[in-house]
Amino acid sequence: MSKGESSNMFRTFFSNPTVGRILGVFLLVLVLYGLMVGIEENARSLENHQNIARRIGEWGILTLGAAFVIITGGIDLSIGSVVCLSAVSFGILLENGANPVVAALIVLAGAGLIGLFHGFLITRLNLQPFVVTLCGLFIYRGLAQFLSLIDFKRLLDPALRGTGRILRDSSRDVGVGGRGDLGWFFWLQKGDFLGVPMPMWIFGILALIAAIFLHASVYGRYLFALGHNEQAARYAGVHTNRYKVLAYFLCSLLAGLGGILFLMKINSASPSNAGNWFELYAITGAVLGGTSLRGGEGTIIGILLGTAVLPLLKTLVIFAGIPSDMEFSAIGLALLLGTLADELLRRHSEKARKGA
Amino acid sequence: MTVATSAMEPPVQTPLLEVERISKRYGGAQALSGVGLRLYAGEVVALIGENGAGKSTLMKILGGIVIPDEGEIRIVGQPVRLSSPSQAMDLGISLIHQELNLADNLSVEANLFLGRELTWGGPLGLARGKAMEAKSRELLARVGLNVSPLERLSNLTPGQKQLVEIARSLSMDARVLIMDEPTSSLAQKETDRLLEVIRELRQQGVCVVYISHRLREVEAVADRVVGLRDGKNAGEMTRAQINYAAMVQMMVGREVDLHQRNAADSGASDRGPVLRVEKLRHALSRGEGVSLEVRPGEIVGMAGLVGAGRTEFAETLFGIRPRVSGQVYLEGQLGKIQRPADAIALGMALVPEDRRQHGLILAESIGGNIALPNLDTHQVARLLRFSKIRHTAHQGVTSLRIRTTGIAKPAGQLSGGNQQKVVLYKWLHRQPKLLILDEPTRGVDVGAKKEIYDLMHDLTRKGVGILMISSDLEEILHLSDRVVVMHEHQKTGELTRAQLSEESIMRLATGSQS
């Protein structure tokens, strides 16, 4: 490769708007981390790092799914509710004695079906993603609450049938039925390998697969192309609807996995609280990482960095001694400042480029 | 010119593509009736006709997007049915749309291979990046485009993107390449380059169908001209017969006299200038800024190459772009223009270059579009006066002869010429003193063009001052009482009617001071 060419590649790399974003969020992560370990000695402990890594893993899995959808120019607001429904369903299956692997597969299949349903409504019936998934947000949480009302023992066991009401009076937290045989499976959430918590490993492996899918396979190209100019992709012979459905399928599937991990974290899930806000965490992570809400832009490396911001911020808020009631305000304010800085930086560099 | 000579000889081989007695109806409208077309390998055929003549329907039939009601299509003598774009592509017919179908966010290489990538790993669909990159270089060389395959498409100029589309078609072994208004957004240099590429393709045996309103380009490149009028064949010309006036007559069906402006049209009086601009500068300006005057009843043309800063000047004048320094006087009064509303209040109107983006709300009705800048006079206590809005819209449709089924029709569904008339009327209703027209006849057919010209003459007779930006030299020469020439955001000179010529304008437009 000639020298001129490599400098051309260099230029191409930096003229890509997402690269600037990646550098920006990288700086943000560095600053947040620096502040955290700077203010508080306890923040430097291995345990704290492990906690943050676990949270990055848990949320990152969801962020990957959100990013696929956002790259196609869509949005998924139902992620948190799918997490909740999956966690609750998984817990109910375990309570009723299901094998954890079988239970997990059932939950994943159900979550995948939800994604296919979204994709179907959006591509075939031409409904707006925002509306479809907003409805999903309400429906799945409601469904989770309903499931927790059902007394499956009474429903399933012939001996107990007719001994009382099948529907409980109020929804309840779902657990794992006090089973002691689940440790090996729950290691996937609670364990660590080489000091790194398992959720982080799972997220890392998924991110690697996602990177290949998005950046090295033709499917990724199709997602990017249709997110930016759907007509161009369709005229080029790409089955655009198929790939849109795929994005929503993957998003819900990953939310299902998120739900399974959620239950395994504290052996319990509350239908009214589990997964609250998670869709917004996922979208925030993706957008901070340079995934454009207009569609067609985004990188896995950016998403990895973007995912780290919220867990770091949350921890920082705690260590900085900010009252927990003000946590959300502090996070929102910090994000706003970060976005502002990013915009100012972008304007500045644009000016510099034009002046050159 | 040996190529041109050989192409002049009448082709004797079987036609590459033959269309016979094609008809197509959309609801009540007969788009095509009994149209025939023969295309031979290695020729450039220009398809001309006014908007609505059936060019795009015919083109979409060839591209497999529209299925004809009647008629036969043969490829090298074999009857075929073209029922989908991909089928047309497989048969070697490639269609390049006016709005390019490329993804700006992908690399040149990814665009070239979109939908037909070279892959490995079977269902994993992993991209063979290196192989596609190498193949891309070949394709780009074939159209003479010197950019890296890895360059992001958004960094390319419109002309370069057009060449990428052509290279893409070539990669699919297109034997018939149909281009719809390929030069509408290109600079002169890029247009020349494109015409050159078309000639090279002809030499390689490709048949190029060239659809354009720009008859000068047709003159320059076509071996044969096929005219359509009202959905029927309107005649054909061989290379030797092609000339501008004959083409216009073929399209319109009568002679069109694009009335040359003369002293009688100019309502110029001894009154002071309606607009006086002194050293107006914006963020991109160089030098001392632009000064000029427009007198009542005068058309001042503003010429220059694409990128000379004419649109930016107009936008600054109108308060869209922040003014860095300089003054603007309207009828001798210093105007404080900080936003478009100020300019409008002072009696200015701007008909923008990009009418689909800036001129109209496409989804809004004709009536709604016309009412938008006139809401101040179409309301009572901030509530809309619907009957007056309808009345005004009808006035516009009648007075400018806007061809539409009604005022409720969305503006986006009108033809280019009629859209432009809607934009014109929405401003004319305010009776502006100064009208700024940015490329007033771009994408407008000859008939509507004449109407717009006549309207301009009419307005100036009534004392309106017009500042007209145009990249169409002919238009500038034809209409201007005076011409201001721009180059790189600077005014390089001013020419009176007597000094006007293509050469004098081009000299100033390329930056040499006169």
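Quick caveat, the model's predicted, so the values are computed rather than measured.

1. Some details on the overall build of chain A
Check the secondary structure of chain A and you find 15 helices and two strands. Compactness check: chain A gives a C-alpha radius of gyration of 22 Å against a globular reference of 21 Å for 356 residues, within 12% of the reference. By its C-alpha atoms, chain A is 80 × 55 × 35 Å across when sized along the principal axes. Expressed as a percentage of its 356 residues, the buried residues of chain A come to 48%. Pairs at least 24 residues apart make up 74% of the contacts formed inside chain A by residues separated by at least 6 positions. Put simply, chain A has 28 plus and 21 minus side-chain charges, and the middle of one group is 8 Å from the middle of the other.

2. Concerning the interface of chain B and chain A
Think of interface size as the accessible area that goes away when the parts come together; that is how it is often given. Taken together, the contacts link 29 residues of chain B with 27 residues of chain A. Interface area for chain B against chain A, summed over the two sides, is near 2,300 Å², with a carbon-plus-sulfur share of 53%. The largest contributions to the chain B side of the interface with chain A come from B:N101, B:N105 and B:R152, which together make up 23% of the buried area. For the interface between chain B and chain A, the tally reads two salt bridges. A:E297 is paired through a salt bridge with B:R152; the nearest N and O atoms lie 2.7 Å apart. Only α4 (108-113), β8 (126-127) and α5 (129-142) of chain B provide two or more residues apiece to the side of chain B that touches chain A. Grouping the amino acids of the side of chain B that touches chain A by side-chain chemistry returns 13 nonpolar, eight polar and eight charged.

3. Concerning α5(B)
Residues and elements named next belong to chain B. Relative to the 20 Å expected for 14 residues at 1.5 Å per residue, α5 spans 20 Å between its end C-alpha atoms, a close match to the ideal helical length. Every buried residue of α5 is accounted for by M132, E133, S136, L139 and L140. Seen end-on, α5 carries its buried residues on one side only, within an arc spanning 125 degrees. With respect to the buried face of α5, the exposed residues turned more than 90 degrees away are K130, E138 and A141.

4. Some points on the environment of B:D481
Residue and element names in this part refer to chain B. Positionally, D481 belongs in the loop between α17 (473-479) and β23 (482-487). Residue classification places D481 among the buried positions, given a relative accessible area of 15%. Remark: the alpha-carbon pair of D481 and R261, spanning 220 residues in sequence, is separated by 7.9 Å.

5. Details of the pairing of strand β12 (residues 232-238) of chain B
Inspection of the sheet shows strand β11 (residues 224-229) of chain B paired to β12(B) by six bridges, in the antiparallel sense. For B:R224, the partnering residue across the bridge sits in β12(B) and is B:T238.

6. Quick look at the domain arrangement of chain B
All names here are of chain B. By domain assignment, chain B separates into domain 1 (2-92 + 175-252), domain 2 (103-173), domain 3 (257-347 + 432-514) and domain 4 (362-422). Its C-alpha centre places domain 1 at a distance of 36 Å from the equivalent point of domain 3. At the interface, 10 residues of domain 1 touch eight residues of domain 3. In this assembly, domain 1 packs against domain 3 so that about 780 Å² is buried in total across both faces, 54% of it on carbon and sulfur atoms. The residue E474 makes a salt bridge to R216 at a minimum N-O spacing of 2.7 Å. Scanning the region where domain 1 abuts domain 3 turns up one residue pair in polar contact (both at pLDDT 80 or more). Broken down by element, the residue count for the side of domain 1 that touches domain 3 peaks at four residues, all from helix α9 (residues 244-252). When grouped by side-chain class, the residues that make up the side of domain 1 that touches domain 3 number five nonpolar, three polar and two charged.

7. Let's talk about the packing of aromatic side chains
Across all of its chains, the model carries 13 aromatic pairs over all chains by this definition. Their ring planes at 25 degrees and their centres at 6.1 Å tell us that A:F213 and A:Y219 sit as a pair that is stacked. Note on A:W277 and A:F328: the rings are 4.6 Å apart at their centroids and 25 degrees apart in plane angle, and the pair reads as stacked. Pair noted here: A:W277 is in the loop between α12 (240-266) and α13 (278-288) and A:F328 is in helix α15 (residues 327-355), with a separation of 51 residues, a long-range link. Relative accessible area serves as the criterion here: at 42%, A:F328 is assigned to the partly exposed category. Ring pairing ties together the aromatic residues A:F68, A:F213, A:Y219, A:Y222 and A:Y243, which thus form one cluster. Across from the ring centre of B:Y329, 4.4 Å away, lies the NZ or CZ of B:R276, which sits over that ring.

The rules behind these values
Residues numbered from 1 in each chain as written. Chains lettered and ligands numbered in written order. Predicted model: local features only at pLDDT ≥ 70, side-chain atom pairs only at ≥ 80, totals over all residues. Heavy atoms only, no water. Helix = DSSP H or I, 4+ residues; strand = E, 2+ residues; numbered from the N terminus. Rg over C-alpha atoms; globule rule 2.2 N^0.38 Å. Buried < 20%, exposed > 50% of the residue type's maximum accessible area, 1.4 Å probe, protein only. Contact = heavy atoms within 4.5 Å. Lys, Arg positive; Asp, Glu negative; His and termini not counted. Charge placed at Lys NZ, Arg CZ, Asp CG, Glu CD. Buried area = accessible area lost by both parts, 1.4 Å probe. Salt bridge = Lys/Arg side-chain N within 4 Å of Asp/Glu carboxyl O. Nonpolar A, V, L, I, M, F, W, Y, C, P; charged D, E, K, R; others polar. Expected span 1.5 Å × (residues − 1). Arc of directions from axis to C-beta. Pairing = 2+ DSSP bridges. Domains from an automatic or database assignment. Polar contact = N/O pair within 3.5 Å; in protein donor to acceptor, adjacent residues only side chain to side chain. Phe/Tyr/Trp six-rings, centres within 6.5 Å; stacked < 30°, edge-to-face > 60°. Lys NZ or Arg CZ within 6 Å of the ring centre and 35° of its normal.

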